[in-house]
Amino acid sequence: LMTTYLLDDQNLFFDGIPDLLMRTLVERSSLCLAGSSILQSGYEAKFGRPFGFLPPVNETRLFAPPDLAAPNNQPRRGVIIGNVWSARVLEELRALIRTTGLPVDWFGNAGAPFIEIDPAELRADGIELHRNLADEPLVERLRGFDYGIMPSGRLGEDPELDWLFRASLPSRLVYMLTTAHLPLVVLGDPETAAGEFVARLGLGVTCPYEPAAFAEAVKQVTDPVLRSTIRDRAARLSPLFASEPVAEWVWRSAEAGRPADDRYEPLVGQTWARTSPRRAVFSGSQRRRFR
């Protein structure tokens, strides 16, 4: 039994895998899964076969307790984890933080080795860069921040990475959600996979790389009422991102040729029972990618 699990796109919005090869893979797979709703609907529409949804997951030992209290930093402190793959996104992020004056901590490589940046220059912009940490100390630090930041892209402005922003759901979002229940601010286009995910599940907001919009977004997600709503929702959703049940679920699903149950459907707002593939709605620029 062969299962195909798509985390990044190499066919819909990027010419990495020819149609014939991708179609052969899809048709020969016992089970097809996708890691974002955009990948799921897009590949269903193009290849005429249902794709199940399987999100990025995390170990339950790292999950925040359901009643984890929110910090109350003054001024509010944001956090970024992981890497940034685009020099343009990094420059826009630096300008945004520098202009707003909102303090941000970053645990990661800041683009290295693809992008070289002096940590002192980031500090001057208001971004304190920290080395990568093991899970336990990182989780402890994350729980001391008021909100998480996901630098994404402006669709159509960076052709080399547009496909990644558009279709790939960053696992770091799930990590911040499950370990610290952080309200999320996605920077960039609301139609990115990250923006769509956060908006659909009510876990935060998406805003452009504009100082006034970012300041307002931070104000919204750290407002005590909305913050409490987001954190409660994160606590309720976290069990769906547990890594431990995944292997057994995939094996049962592969044997059945379809998802063994609908446990992940609350994350995409659909039911598996349908007679034909769900057609996605795309903008003109997206539609041209379907050959």
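Shown above is the structure to which this text applies.
Residues numbered from 1 in each chain as written. Predicted model: local features only at pLDDT ≥ 70, side-chain atom pairs only at ≥ 80, totals over all residues. Heavy atoms only, no water.

Asks: I keep staring at the packing of aromatic side chains and nothing clicks. Help me out?
Replies: Each aromatic ring pair is summarised here by two numbers: the centre-to-centre distance and the angle between the ring planes. Under the criterion given, the structure shown has 5 aromatic pairs. Both rings, one in Tyr 43 and one in Phe 47, keep their centres 5.8 Å apart while their planes meet at 20°; by these two values the pair is stacked. Of this pair, Tyr 43 and Phe 47 both sit in helix α2 (residues 37-47), 4 residues apart, which is roughly one turn of that helix. Overall, the relative accessible area of 9% leaves Phe 47 in the buried class. Judged by centre distance (5.0 Å) and plane angle (90°), the ring pair of Trp 249 and Tyr 264 falls under edge-to-face. Of this pair, Trp 249 sits in helix α11 (residues 246-256) while Tyr 264 sits in the loop between α11 and α12 (284-287); the two residues are 15 residues apart in sequence, bridging distant segments of the chain. Pair check on accessibility: Trp 249 and Tyr 264 agree, each one buried. Site record: aromatic cluster; members linked through ring pairs are Tyr 43, Phe 47 and Phe 51. (Phe/Tyr/Trp six-rings, centres within 6.5 Å; stacked < 30°, edge-to-face > 60°. Helix = DSSP H or I, 4+ residues; strand = E, 2+ residues; numbered from the N terminus. Buried < 20%, exposed > 50% of the residue type's maximum accessible area, 1.4 Å probe, protein only.)

Asks: When you look at the pattern of salt bridges in this model, what are you seeing that I'm missing?
Replies: Pairing between side chains of opposite charge can happen when their charged atoms approach one another. In this structure the tally under the stated criterion is 15 salt bridges. For Arg 76, the salt bridge identified is with Asp 146, shortest N-O distance 3.9 Å. Here Arg 76 is found in the loop between β3 (52-53) and β4 (78-81), whereas its partner Asp 146 is found in the loop between α5 (135-142) and β7 (147-151), with 70 residues between them in sequence. Put simply, Glu 91, Arg 94, Arg 98, Glu 121 and Asp 125 are held in one network by salt bridges that share partners. (Salt bridge = Lys/Arg side-chain N within 4 Å of Asp/Glu carboxyl O.)

Asks: What is the right way to read the sheet that holds strand β1 (residues 3-6) from this model?
Replies: What links the strands of a sheet is backbone hydrogen bonding, and the strands pair in either a parallel or an antiparallel sense. Taken in spatial order, the 3 strands make up an open sheet running β1-β2-β3, and their pairing is parallel. Either end of the sheet is taken by a strand with one partner, and the two such strands are β1 and β3. Taken together, the 2 bridges between strand β2 (residues 31-34) and β3 define a ladder with parallel strand orientation. Residue pairing across strands places Leu 33 opposite Gly 52, the latter belonging to β3. (Pairing = 2+ DSSP bridges.)

Asks: I would appreciate a short explanation of the side chain of Ser 86 in the present structure.
Replies: Considering the arrangement of structural elements, one finds Ser 86 in the loop between β4 and α3 (87-100). A distance of 3.3 Å separates the side chain of Ser 86 from the backbone nitrogen of Arg 88, its partner in a polar contact. Engagement of the side chain of Ser 86 in a polar contact is seen with the backbone nitrogen of Val 89, the distance being 3.2 Å. (Polar contact = N/O pair within 3.5 Å; in protein donor to acceptor, adjacent residues only side chain to side chain.)

Asks: Teacher, can you tell me more about α3 here?
Replies: An α-helix turns once per 3.6 residues; consequently, residues spaced three or four apart project the same way. Taking 1.5 Å per residue as the helical rise, α3 with its 14 residues ought to reach 20 Å, and the 20 Å between its terminal C-alpha atoms agrees with that figure. Regarding α3, the residues found buried are Val 89, Leu 90, Leu 93, Arg 94, Leu 96 and Ile 97. Seen along its axis, α3 keeps its buried residues to an arc of 165°; they face one direction. The N-cap residue of α3 is Ser 86: its side-chain oxygen and the backbone nitrogen of Arg 88 are 3.3 Å apart. Looking one or two places after α3, you find Gly 101, whose phi comes out positive at around 75°. (Expected span 1.5 Å × (residues − 1). Arc of directions from axis to C-beta.)

Asks: I keep staring at α11 and nothing clicks. Help me out?
Replies: All buried positions along α11 are accounted for by Val 246, Trp 249, Val 250, Ser 253 and Ala 254. In an axial view of α11, the angular spread of the buried residues amounts to 130°, which keeps them on one side of the axis. For α11, the exposed residues set more than 90 degrees away from the buried face come down to Trp 251 and Glu 255. Next to the buried residues of α11 lie β1, β2 and β3. Looking at the residues trailing α11, positive phi occurs at Gly 257, about 75°. (Contact = heavy atoms within 4.5 Å.)

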